[in-house]
Amino acid sequence: MVRRPLGNHHDGPDTLLVTSDAQQTAKVTPHTGTEAADRTEARQRAEAPDGTQAPDATQAPDPAGAAADLRDRISRARVVLWDFDGPVCRLFAGHTAERVADRLVEWLAGRGLHGLLTAPERDSPDPHLVLRAVGRRHPGSDLLAELEERLTQEELRAADSAMPTAWADPLIRTWTALGLRLAVTTNNSPRVVAKYLAGRGLTACFAPHVYGRTRDLHLLKPDPHCLNRALRAMGSAPADALMIGDTPSDLLAAREAGVPFLGYARNERKEKHLRDAGATAVVHSLKQVLDAARPATS
């Protein structure tokens, strides 16, 4: 089995001032994947999870309409909820998720618990999958608490070599300058988020609104718990918020919370996963969002 690290590549600058340049709205990348042959017309026309009408796969993509939809989602948002690993940074860029998952599995084996996980779970490159598996079998146990703390320590180590997502920093600073309120809603430890934001000088853009993993693993996304915590704390109606995420679990959590969703996909594989889950607005670069968010000159 070939394992691949999780995360996103960084390919752009990290700082940008808000300017009065004329608005330049980049196209939202249309869905390039082919529809399954057995997808029914009812499925094509069903309401999408983020509250918009799903596109008819028999029709040609409409880049102009997608760009207008992006501008509309951004213009209506007063609060932006960010997933962390992916949209904000590539957490496991240097300290890979595969290595972290292996260490968790080895720790369990060292305690005589090799058989606690199935073979696919032991081979998974996703440390959260390992944690969830133990959580299902030993909920609320000291074993689970120690495993979660070990994952947190690995994430803290990974934060030292995390790679900023291209255009994330300038987008965060621009939205903050424009008066939008920002929160992080993540399955990672909030301690890890705090460490990364402090290192980038971004703490003031989010504090105190960082909502991450707790010992109650059943409340991880796709459960909307962390999104609902953020909305309550910020006094925001779901319709006045926007969730930026890169996984189907982000989309499902946003749908359950009633929050409009914008997908970030650094490659076609991630876009396909989001589209298959029902995402109707997906960008390949946060520069598209920055250009749409930047105020136009009068």
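Residues numbered from 1 in each chain as written. Predicted model: local features only at pLDDT ≥ 70, side-chain atom pairs only at ≥ 80, totals over all residues. Heavy atoms only, no water.

J.: Help me understand the pattern of salt bridges in this model?
T.: If charged atoms from side chains of opposite charge come close, those side chains can pair. Across all of its chains, the model carries 21 salt bridges by this definition. We note a salt bridge from R213 to E148, for which the minimum N-O separation is 2.8 Å. With R213 in the loop between β5 (210-211) and α10 (225-234) and E148 in helix α6 (residues 142-159), the pair connects residues that are 65 residues apart, well separated along the chain. Note on R213: relative accessible area 5%, which makes it buried. Taking the shortest distance from any N to any O, the salt bridge between D291 and R294 comes out at 3.8 Å. Each of the salt bridges in this network shares a partner with another, and the network as a whole consists of E148, E155, R213 and R215. (Salt bridge = Lys/Arg side-chain N within 4 Å of Asp/Glu carboxyl O. Helix = DSSP H or I, 4+ residues; strand = E, 2+ residues; numbered from the N terminus. Buried < 20%, exposed > 50% of the residue type's maximum accessible area, 1.4 Å probe, protein only.)

J.: Explain the sheet that holds strand β1 (residues 79-82) to me, please; I cannot follow it from the model alone.
T.: By definition, the strands of a sheet pair up through backbone hydrogen bonds, in either a parallel or an antiparallel sense. Taken in spatial order, the 6 strands make up an open sheet running β5-β4-β1-β6-β7-β8, and their pairing is parallel. Every interior strand has two partners, whereas the edge strands, β5 and β8 (282-283), have only one. Judged from the 4 bridges that link them, β1 and strand β4 (residues 181-185) form a sheet pairing that is parallel. When the bridges of β4 are listed, V80 appears paired with L182. This element, helix α7 (residues 168-177), spans β1, β4 and β6 (241-245) of the sheet and lies at about 155° to β1. (Pairing = 2+ DSSP bridges. Contact = heavy atoms within 4.5 Å. Axes fitted to C-alpha atoms, helices over the stretch in contact; angles between N-to-C directions.)

J.: Which parts of the structure should I look at to understand the packing of aromatic side chains?
T.: Think of a pair of aromatic rings as described by two things: how far the centres are apart, and how the planes are tilted against each other in angle. Within this structure, the stated rule accounts for 2 aromatic pairs. For the pair W82 and W175, a centre-to-centre distance of 6.0 Å together with 75° between the ring planes defines the contact as edge-to-face. Placement of the pair is W82 in strand β1 and W175 in helix α7, with a sequence separation of 93 residues. Judged by its relative accessible area of 0%, W82 falls in the buried class. Given a relative accessible area of 2%, W175 falls into the buried group. Taking NZ or CZ as reference, K287 lies 5.6 Å from the ring centre of W167, over its face. (Phe/Tyr/Trp six-rings, centres within 6.5 Å; stacked < 30°, edge-to-face > 60°. Lys NZ or Arg CZ within 6 Å of the ring centre and 35° of its normal.)

J.: How should the environment of A253 be read in this particular structure?
T.: Within the fold, A253 resides in helix α11 (residues 248-257). Residue class for A253 comes out buried when judged on its relative accessible area of 0%. For the pair A253 and C226, spaced 27 residues apart in sequence, the C-alpha to C-alpha distance is 8.8 Å. Discounting chain neighbours no more than four positions away, the residues touching A253 are K221, P222, D223, P224 and L227.

J.: What am I meant to see in the pairing of strand β7 (residues 261-264) here?
T.: Regular strands place side chains that alternate from one sheet face to the opposite one. The side-chain alternation of β7 yields two buried faces, one formed by F261 and G263 and the other by L262 and Y264. Here 3 bridges tie β6 to β7, and the two strands are oriented parallel to one another. Directly across from I244, in β7, lies its bridge partner L262. With respect to chirality, the unit in which β6 leads through α11 into the neighbouring parallel β7 is right-handed. Relative to β8, β7 runs parallel, the two being bridged by 2 bridges. (Right-handed = clockwise from strand over helix to strand, strands pointing away.)

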